[in-house]
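# Descriptive analysis of the structure
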Amino acid sequence: MSKPKPKIKKEAVVMPKQDPKERGGNFDEVALGYTEEQVVAEAERCLECVKAPCVEGCPVEVDIPALIQLIRERKFDEAIRKVKEKNSLPAICGRVCPQETQCQASCTMGKVGDPISVGRLERFVADWERKRGYEVPQQSASTGKRVAIVGAGPAGLTAAADLAKLGHEAVIFEALHKPGGVLIYGIPEFRLPKKIVEAEAEYIEKLGVTIKVNAMIGKLYTINELLEQFDAVFIGSGAGLPRFMRIPGENLCGVYSANEFLIRVNLMKAYDFPRAATPVFVGEKVAVIGGGNTAMDSARCALRLGAKEVKIVYRRSRQEMPVRAEEVENAEEEGIALEFLTNPTKFIGNDRGWVKAMECIKMRLGEPDASGRRRPIPIEGSEFTRDVDTVIMAIGRTPNPIIQQTTKGLEVTKWGTIVVDENGKTSIEGVYAGGDIVTGQATVISAMGAGKKAAKAIHQHLTKKK
Amino acid sequence: MYKIVTRRELVPHINLFEFSAKEIAAKTKPGQFVILRIDEDGERIPLTVASVDVGKGTITVVCHEVGKSTKQLGNLKQGDCILDLLGPLGKPAEIGKLGTVLCVGGGVMVAPLHFQVRAFHEAGNKVIGIIGAKSESQLIFEDEMREVCDDLYVATDDGTRGYKGLDFLKELLKERKIDRVVVMGPVVTMKTVSELTRPHGIPTIVNLIPIMVDGMGMCGACRVTVGGKTMFACVDGPDFDGHQVDFEELMARMKMFTPQEKLAFVFQEEGGRRL
Ligand SMILES: Cc1cc2nc3c(=O)[nH]c(=O)nc-3n(C[C@H](O)[C@H](O)[C@H](O)COP(=O)(O)OP(=O)(O)OC[C@H]3O[C@@H](n4cnc5c(N)ncnc54)[C@H](O)[C@@H]3O)c2cc1C
Ligand SMILES: Cc1cc2nc3c(=O)[nH]c(=O)nc-3n(C[C@H](O)[C@H](O)[C@H](O)COP(=O)(O)OP(=O)(O)OC[C@H]3O[C@@H](n4cnc5c(N)ncnc54)[C@H](O)[C@@H]3O)c2cc1C
Ligand code: FES
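All of the points below concern the structure found in this document.

Conventions used here
- Residues numbered from 1 in each chain as written.
- Chains lettered and ligands numbered in written order.
- Predicted model: local features only at pLDDT ≥ 70, side-chain atom pairs only at ≥ 80, totals over all residues.
- Heavy atoms only, no water.
- Patch = residues over 30% accessible without salt bridge, like charges linked within 9 Å, V, L, I, M, F, W, Y side chains within 5 Å.
- Areas by Shrake-Rupley, 256 points an atom, 1.4 Å probe, with all protein chains shown as cover.
- Salt bridge = Lys/Arg side-chain N within 4 Å of Asp/Glu carboxyl O.
- Helix = DSSP H or I, 4+ residues; strand = E, 2+ residues; numbered from the N terminus.
- Buried < 20%, exposed > 50% of the residue type's maximum accessible area, 1.4 Å probe, protein only.
- Axes fitted to C-alpha atoms, helices over the stretch in contact; angles between N-to-C directions.
- Parallel < 35°, antiparallel > 145°, perpendicular 65-115°, else oblique.
- Left-handed = near helix turned anticlockwise from the far one by under 90°.
- Contact = heavy atoms within 4.5 Å.
- Nonpolar A, V, L, I, M, F, W, Y, C, P; charged D, E, K, R; others polar.
- Polar contact = N/O pair within 3.5 Å; in protein donor to acceptor, adjacent residues only side chain to side chain.
- Pairing = 2+ DSSP bridges.

## Things to note about a nonpolar patch on the surface
Residues and elements named next belong to chain A. Residues Ile8, Leu47 and Val112 make up a contiguous nonpolar surface patch of about 240 Å² in total accessible area. Examined against the element boundaries, leucine 47 turns out to sit in the loop between helix H2 (36-44) and helix H3 (53-57). On the basis of relative accessibility, which here comes to 31%, the residue leucine 47 falls in the partly exposed class.

Written out as structure tokens, the structure is:
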């Protein structure tokens, strides 16, 4: 490895994307991924700094310098093996992680130019492997211990994978008919193709994990009942309860929660209606309320389903949007309008109970609130009305409540999240939790990090218990 | 995969299906529902459980063919399998010893009502049953209801059998002391009965079946206004206080996808060709 250092390249290698004009009419993936030449060129840009702050920025501590080195040497098989030591869902993370606030945030190269596009490198090696067929690592000898996992989102899948690798029998109970959590029901096809989620879930099954779909815990079995059959339980049931604003007219026809809209479009494939049986209605003038990933995804789906005009209405300003930077750029390229410092105050219906207009109020920013972002304050007298025929409420999701309601002795916060210690242990012996159900809505990688941590703690709990 | 162990046509376009589903059978209580999907492209179809056989490990539902998906289900035969079956969902009906319970069922929902009626009967209540349908030829579960009701009345919209419409209920409510009313059926039936019982102050439970998608509280498609508050019928219900429900909103919301449903139906009838 004594190649001469190439001179500094400040600009990242651009990843090819579908043309914005064309992609507005289809659900195919927008970002096309690097070619072999491009991925090596991007890896070559790394300065190989000693501190490697990128690793610290990664919630699951992928050995990024090793990944980069192996890509430079075109040892892609070894590169993906390296990633998978820490991350069981790399094709997903490479696509949806907010790298700009994680591994890429403190990249040394980032101080002089673009940071190294770690996400795109990860995506490349994961896709490389998927195209050639997965390599299944050797499993440890069976410990004879059984762990039940509730929810097949990133938290549950990661915990199950790690436990299986350690020789425990892991059984995932998932309420929906497909594993993946938000990855399968929320994030759209054009950002994360479902065949990738399916392939990564299959890989986890190959590790020896059983995934039982159509199994809603709290209804089919309670946590307390699972404890009779399993040595430990991990709860990764996510934050899927949609929030509404509680303003007049929210239950009019044509008003959706983002979750309903996205479940129809993604999980139920309404974009392929009527071949796929589940319908979705999208009018001409769509307003999406909110400013996060969910709002962006809903708006971009609405556009692809034929809306003439899609507007994102957000009560704060651009700086406060809790969203992947790349996705705002993509949305704007596609022609989605962003309207800041505006909040709806009511929805107005026609005589058939359909939404026809919404009244909004202008906002200004005040002092920072608990989230550290400046608080939006309504400007009195600034109300105005605008015609809309479809509204999508993307103002947040709270924890799924069924398990908390049906589990005796489980400590829960007043926000409905499950209380855990630093290892993910709940108030019940042998029961662990992690992901959005503990933190409230967060990110894929933080849910995976929590799943990993809990798996480690469960392993310790099971191996010390006689 | 879940096997259809029995399929029986009760009357034209209303079929009974018994599915092999041991785990669900062991947990299901009257008033709860399941969601099924026929195949990979299928919709999630919610259906209220009409009976369970814990020993045999089966659940029974009765389904009215009203559109694409229910028709597709109706075309399946004994021995066929469906891809997905999720349940039990929703809160169980509140069954207790209340005195005299009036149970009103309309159309296909008489079948799941019977599951509750049996439970009320076994809990030691006096049960007055009313079953109704559009016409005599569409009436189901009469014998089964007679078995568990102390009195049974029959009504049809067109008067081909029993009383014509529900007007007779006015008299009945005056004559009899009734402690609880339970209604399952079309929204108009639930609304009418709730209006009739309101002046008598009789607690009236209605079983709401708005459009649902996940059925587990994650989408809000099923939201209904009850007592001025938004509720999710799939997890907060499906049973609610009939005197508090905003039926107008419910009726409007249930028509939200009518144009698309018609399209899907035609698509199916034409053998799945692209429209
Ligand atoms: C539209 C959208 C876009 C997003 N985009 C991004 C992004 O680009 N990048 C990013 O990092 N994050 C993104 N997020 C956030 C991210 O998806 C979540 O933080 C992450 O999925 C949380 O993982 P989890 O495993 O905790 O829960 P989930 O992914 O919510 O999975 C929970 C699973 O548990 C199941 N479940 C719930 N209750 C039960 C029960 N009682 N019994 C059995 N199973 C149950 C659910 O059906 C679900 O499958 C997005 C979120 C949304 C909604
Ligand atoms: C909790 C619950 C319990 C139910 N129990 C029964 C039952 O025991 N027997 C029975 O025959 N029917 C029952 N239904 C209604 C049944 O689910 C619908 O008739 C069916 O989904 C219609 O599908 P379709 O494609 O055949 O008809 P479509 O053409 O799609 O619709 C026909 C009518 O059904 C209603 N509908 C459509 N989609 C849904 C949906 N996803 N959820 C609810 N309603 C919908 C619409 O309001 C429409 O008026 C129940 C519904 C719910 C929500
Ligand atoms: S059906 Fe989705 S929340 Fe009730």
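After that view of the structure, there is still more to cover.
## Some thoughts on the packing of H2 of chain A against helix H4 (residues 64-72) of chain A
Residues and elements named next belong to chain A. H4 packs onto H2 with a crossing angle of 130° between their chain directions and a minimal axis gap of 8 Å. When the interaxial angle is binned, H2 and H4 end up oblique. Our pair here, H2 against H4, has a crossing hand that is left-handed. Note on element contacts: H4 touches H2 through Ile68, Ile71 and Arg72, opposite Val39, Val40, Ala43 and Glu44. Across the contact of H2 with H4, the residue classes tally to five nonpolar, no polar and two charged.

## Details of the environment of aspartate 421 of chain A
For aspartate 421 of chain A, the position within the fold is in the loop between helix H15 (402-406) and strand S16 (431-433). There is a polar contact of 2.8 Å between the side chain of aspartate 421 of chain A and the backbone nitrogen of asparagine 423 of chain A.

## Description of the pairing of strand S3 (residues 33-37) of chain B
In regular strands, side chains alternate between the two faces of the sheet. Residues and elements named next belong to chain B. With five of its five residues buried, S3 lies for the most part within the structure. By the alternation rule, side chains of S3 split into Phe33, Ile35 and Arg37 and Val34 and Leu36, which are all buried. Judged from the four bridges that link them, S3 and strand S4 (residues 45-53) form a sheet pairing that is antiparallel. Directly across from phenylalanine 33, in S4, lies its bridge partner threonine 48. The pairing of S3 with strand S7 (residues 84-89) spans four bridges and is antiparallel. Opposite leucine 36, over in S7, you have leucine 85 as the bridge partner.

## Observations concerning the sheet that holds strand S9 (residues 126-133) of chain B
All names here are of chain B. Read from one edge of the open sheet, seven strands run S11-S10-S9-S8-S12-S13-S16, paired in mixed fashion. Taken across any chain shown, the strands that pair with only one partner, and hence form the sheet edges, are strand S11 (163-164) and strand S16 (239-241). The sheet contact formed by S9 and strand S10 (residues 151-156) spans six bridges and is parallel. Each bridged residue has a counterpart across the sheet, and for glycine 129 the counterpart in S10 is leucine 152.

## Observations concerning the pattern of salt bridges
Residue and element names in this part refer to chain A. What the rule picks out here adds up to 52 salt bridges over all chains. Between glutamate 334 and arginine 300 there is a salt bridge, with its nearest N and O atoms 3.0 Å apart. Residue glutamate 334 is located in the loop between helix H14 (325-333) and strand S9 (337-339), and its partner arginine 300 is located in helix H13 (residues 293-304); the two are separated by 34 residues in the primary sequence. The class of arginine 300 is buried, set by a relative accessible area of 1%. Residue aspartate 369 is joined to arginine 316 by a salt bridge in which the shortest nitrogen-to-oxygen separation is 3.3 Å. Here arginine 316 lies in the loop between strand S8 (309-313) and H14 and aspartate 369 lies in the loop between strand S11 (355-368) and strand S12 (374-378), a separation of 53 residues in the sequence. For aspartate 369, a relative accessible area of 18% corresponds to the buried category. Ionic contacts of the salt-bridge type, sharing partners, join the residues Lys17, Arg23, Arg191, Asp297, Arg300, Arg304, Arg324, Glu326, Glu327, Glu329, Glu333 and Glu334 into one network.

The values are spatial; any link to function lies outside them.
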